[in-house]
Amino acid sequence: MPISDEEWQKKLTPEQYSILRKKGTEPPFTGKLLYNKDKGTYMCTGCGAELFSSEAKYDSGSGWPSFWKAEGNSIELKEDRSHDMVRTEVLCKRCGGHLGHLFSDKPAGKRFCINSAALKFRKGK
Ligand SMILES: [Zn+2]
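The structure contained in this document is the topic of the report that follows. (Residues numbered from 1 in each chain as written. Predicted model: local features only at pLDDT ≥ 70, side-chain atom pairs only at ≥ 80, totals over all residues. Heavy atoms only, no water.)

1. Overview of the coordination of the zinc ion
Then step 1. Binding of the zinc ion to the protein goes through Cys-44 (SG), Cys-47 (SG), Cys-92 (SG) and Cys-95 (SG), at separations of 2.3 to 2.4 Å.
Then step 2. Coordination at the zinc ion is tetrahedral, judged from the four donor atoms that bind it and the angles of 102 to 113 degrees they form at the metal.
Then step 3. Each donor residue of the zinc ion lies on the same chain, and together they follow the pattern C-x2-C-x44-C-x2-C. Linking Cys-47 in the loop between strand S1 (40-44) and strand S2 (50-53) with Cys-92 in strand S6 (residues 87-92), this pair joins segments that are 45 residues apart in sequence.
Then step 4. Classification of Cys-47 as partly exposed rests on a relative accessible area of 24%.
Then step 5. By relative accessible area, Cys-92 is classed as buried at 0%. (Donors = N, O, S within 2.8 Å, 3.2 Å for Na, K, Ca; no water. Tetrahedral: all angles 85-135°; square planar, octahedral: opposite > 155°, others 65-115°. Helix = DSSP H or I, 4+ residues; strand = E, 2+ residues; numbered from the N terminus. Buried < 20%, exposed > 50% of the residue type's maximum accessible area, 1.4 Å probe, protein only.)

Written as structure tokens, this is what we have:
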């Protein structure tokens, strides 16, 4: 059953809620997972779906956790035309939570630029 907006507000912190459910963005260089270099799995804060592996994480210098690929079939991409730009929005396939955006640039070709608050980290494999 889909989770109601009210339930999301109870389940998530205000910051998590504004990002996952309202498509917000955390300020750059503030995320707690930005400099995390431990081996493990990054999961959706909203539903716990496994989204990214630490093996795909790299430092893009953008100020947000960056990954060059997503795990399996865990994410959904959508065209986002907000703020007078055409970008690719990255969403969690399972709960529909907003995670961040996907860019095409160097050196990785693909850069999943993800809000730290949308992710929770599980150490180990
Ligand atoms: Zn999710």
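From this point on, the discussion continues.
2. Focus: the sheet that holds strand S7 (residues 98-103)
In sheet architecture, strand pairing relies on hydrogen bonds along the backbone and comes in two forms, parallel and antiparallel.
Then step 1. Spatial strand order, S3-S4-S8-S7-S6-S5: six strands in an open sheet with antiparallel pairing. The sheet is open, and its two edges are formed by strand S3 (57-58) and strand S5 (75-80), each paired on a single side.
Then step 2. In this sheet, strand S8 (residues 111-114) lies alongside S7 in antiparallel orientation, the contact comprising four bridges. Paired with His-101 across the bridge in S8 is Cys-113. (Pairing = 2+ DSSP bridges.)

3. Focus: the packing of aromatic side chains
Geometrically, a pair of aromatic rings is defined through the distance of the ring centres and the angle of the planes.
Then step 1. For the coordinates displayed, the defined rule picks out four aromatic pairs.
Then step 2. On the numbers, 5.1 Å between centres and 70 degrees between planes, the contact of Tyr-42 with Phe-67 is edge-to-face. Placement of the pair is Tyr-42 in strand S1 and Phe-67 in strand S4 (residues 66-67), with a sequence separation of 25 residues. Neither Tyr-42 nor Phe-67 differs from the other in exposure class; each is buried. (Phe/Tyr/Trp six-rings, centres within 6.5 Å; stacked < 30°, edge-to-face > 60°.)

4. Considering the sheet that holds S2
Then step 1. Here we have three strands laid out as an open sheet, ordered S2-S1-S9, and antiparallel in their pairing. This sheet does not close on itself; its edge strands, each paired only once, are S2 and strand S9 (119-123). Shown here is a sheet whose adjacent strand axes are inclined to one another by a mean of 30 degrees, direction ignored.
Then step 2. Note: S1 against S2, three bridges, orientation antiparallel. Bridge pairing in S2 places Thr-41 opposite Ser-53. (Axes fitted to C-alpha atoms, helices over the stretch in contact; angles between N-to-C directions.)

5. Here's the deal with the environment of Gly-24
Then step 1. Summarising the element assignment, Gly-24 is placed in the loop between helix H2 (14-20) and S1.
Then step 2. With 40 residues separating them along the chain, Gly-24 and Trp-64 place their C-alpha atoms 13 Å apart.
Then step 3. Sequence-distant contacts of Gly-24, that is, excluding residues within four places in its chain, are made with Ser-18, Ile-19, His-98 and Asn-115. (Contact = heavy atoms within 4.5 Å.)

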